[in-house]
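Tertiary structure, described
Residues per chain are reported as follows:
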Amino acid sequence: MSDLRAILAAKRDGGRLSDEQIAEFISGYVSGDVSDYFASALLMAIFIHGMEEAELVAWTRAMLESGRVMRFPRLARPKVDKHSTGGIGDKVSIPLAPAAAACGLAVPMISGRGLGHTGGTLDKLEAIPGFRTQLSAEEFERCLERTGVALGGQTPDLVPADRKLYALRDVTGLIESIPLIASSIMSKKLAEGLDALVLDVKFGSGAFMVERARGEALARVMLKLAASMGVKATALHTNMERPLGRTAGHALEIEECFDCLEGGGPADLRELVCLQGGEMLRLGGLAKTLDDGRAQIARSLDDGSARELFARVIAEQGGDPSCLDERSKLAHAAHKHELRAEQGGVLAWRDLRAVGHAICALGGGRMKLGDVIDPAVGLVFPRDEGERVERGEVVIEVHHNGRGLERALELLRGAFELVPAHTPSPLVLATIAQER
Ligand code: URA
């Protein structure tokens, strides 16, 4: 191996790492030949100086190639997925995957667990009785072939470099770096063997990237990485200044997904499912235009085909599809507390991170890996942002099991204001296409 100190010195001084140095570092770190102290110093230098475009491509490729890259040679359908940077109440993937598959795509979706203030798709899916997300490679492929959808978690052999690097970044305060985030997300998504990818990059107080400009910069870097690996991609820049839909919390969100799959549910959830699904169909070559794609997705929600397909996915992944009809089979909290307006005014969300932390306080989130989640607890938001609320009316329903209510209420009271006037910002701020 080359002199590790020379690699470190090059990056410390703002230089560029060669492809060989990157490949050696990544493989050495995964095998254990490179120590954590060396890796954390290198990550800090990258955090400070960033990476050139070609350097980041080599870094991402080395991460991707650190493990198994999925290929589905028997699958004739276009393979298209979406990734969201996540936020409060973001449950779009759950109705989107079966809707896109009902329209002819294959959706091999590897998702993550919730950590901190945002929830994770895997945890939400596990609120469906019996639903298994820890699938072996064979089970994942079988489910994808049989239904057009597989909803799984990262297995140890998929991008092991990210698993180790992410854990190290987490404990050394090195998460918030655009090249490190972009390479982490894209190495995992590109390991799915995709033809195309839709990215939902959220901005606002409930998002991972609070500032809009940084969210856009991240989106552009991820689009370039996809292009460098021959994967078509589009990024949507969407609003996370208010919760998505009317619920946040695992089982509550699953019910809302079921509503969406029945052609109902909140308008913003349906809008993002149709928009992202429409773009997935367009990129995958199954729709001529975005409008055509949106219309196909909307039809699949309204005619029951997306719901029927999701029932098959649930059964295939070990779950009980009868909960689609019998909602009482989902977990429900024992108590409901109504947080009422102390004065009249127009609802304006101010701090969605506090909303996420309120759910954690109730036991519905994880502050560290390994924490156990209570799927039944969560919040219902009966009012839309920008809507007038009179004194004494309910602003938030808190579904709880007797744990953390006081702390949750304290956090929630600081999360919104009732003001004389407020115009909510749009749901979709920009569509960013891949540069040719
Ligand atoms: N999500 C990821 O998968 N990786 C990051 O670095 C940040 C968010």
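Residues numbered from 1 in each chain as written. Predicted model: local features only at pLDDT ≥ 70, side-chain atom pairs only at ≥ 80, totals over all residues. Heavy atoms only, no water.

Examining the domain arrangement of the protein chain
- Under the domain assignment used here, the protein chain contains domain 1 (4-50), domain 2 (80-326 + 429-433) and domain 3 (333-419).
- Here the C-alpha centroids of domain 1 and domain 2 sit 31 Å apart.
- Residue-level contacts link 13 residues of domain 1 with 13 residues of domain 2.
- For the pair domain 1 and domain 2, the two sides together bury roughly 1,100 Å², of which 86% comes from carbon and sulfur.
- On the domain 1 side of the contact with domain 2, Tyr29, Leu43 and Phe47 bury the most area, a combined 53% of that side's loss.
- At the surface where domain 1 touches domain 2, the tally comes to zero salt bridges.
- Where domain 1 packs against domain 2, one counts one residue pair in polar contact (both at pLDDT 80 or more).
- Elements supplying a minimum of two residues to the side of domain 1 that touches domain 2: α2 (19-31) and α3 (36-49). (Domains from an automatic or database assignment. Contact = heavy atoms within 4.5 Å. Buried area = accessible area lost by both parts, 1.4 Å probe. Salt bridge = Lys/Arg side-chain N within 4 Å of Asp/Glu carboxyl O. Polar contact = N/O pair within 3.5 Å; in protein donor to acceptor, adjacent residues only side chain to side chain. Helix = DSSP H or I, 4+ residues; strand = E, 2+ residues; numbered from the N terminus.)

Things to note about the sheet that holds strand β9 (residues 378-380)
- On the basis of which strands lie adjacent, the open sheet formed by four strands has the order β6-β9-β11-β7 and antiparallel pairing. Of all the strands in the sheet, just β6 (247-248) and β7 (335-340) have a single pairing partner and so form its edges. (Pairing = 2+ DSSP bridges.)

Concerning the pattern of salt bridges
- The full count for this structure, using the stated rule, is 41 salt bridges.
- Residue Glu316 pairs with Arg146 through a salt bridge whose shortest N-O separation is 2.9 Å. In this pair, Glu316 sits in helix α14 (residues 305-316) while Arg146 sits in helix α7 (residues 137-147), placing the two residues 170 residues apart along the sequence.
- Judged by relative accessible area, which is 28%, Glu316 ranks as partly exposed.
- Note that Glu417 is salt-bridged to Arg350, the shortest N-O span being 2.5 Å. Of this pair, Glu417 sits in strand β12 (residues 416-419) while Arg350 sits in the loop between β8 (345-349) and α15 (352-362), and the two are 67 residues apart along the sequence.
- We classify Glu417 as partly exposed; its relative accessible area is 37%.
- Look at the salt bridges and you will find they share partners, linking Glu255, Asp259, Glu262, Arg307, Asp325 and Arg327 into a network. (Buried < 20%, exposed > 50% of the residue type's maximum accessible area, 1.4 Å probe, protein only.)

Here's the deal with the nonpolar core
- By size, the foremost hydrophobic cluster in this structure holds 79 residues, and its most contacted members are Ile128, Leu151, Phe310, Trp349, Val355, Leu379 and Ile396.
- Of all the elements, helix α12 (residues 267-283) adds the most residues to this core, at eight residues.
- There are two domains that each give this core at least three residues, and those are domain 2 (80-326 + 429-433) and domain 3 (333-419).
- Contacts of Leu379, omitting those with residues within four sequence positions, involve Arg246, Thr247, Ala248, Leu252, Val355, Ile359, Leu362, Ile396, Glu397, Val398 and Leu412. (Core = buried A, V, L, I, M, F, W, Y, C linked by side-chain atoms within 4.5 Å.)

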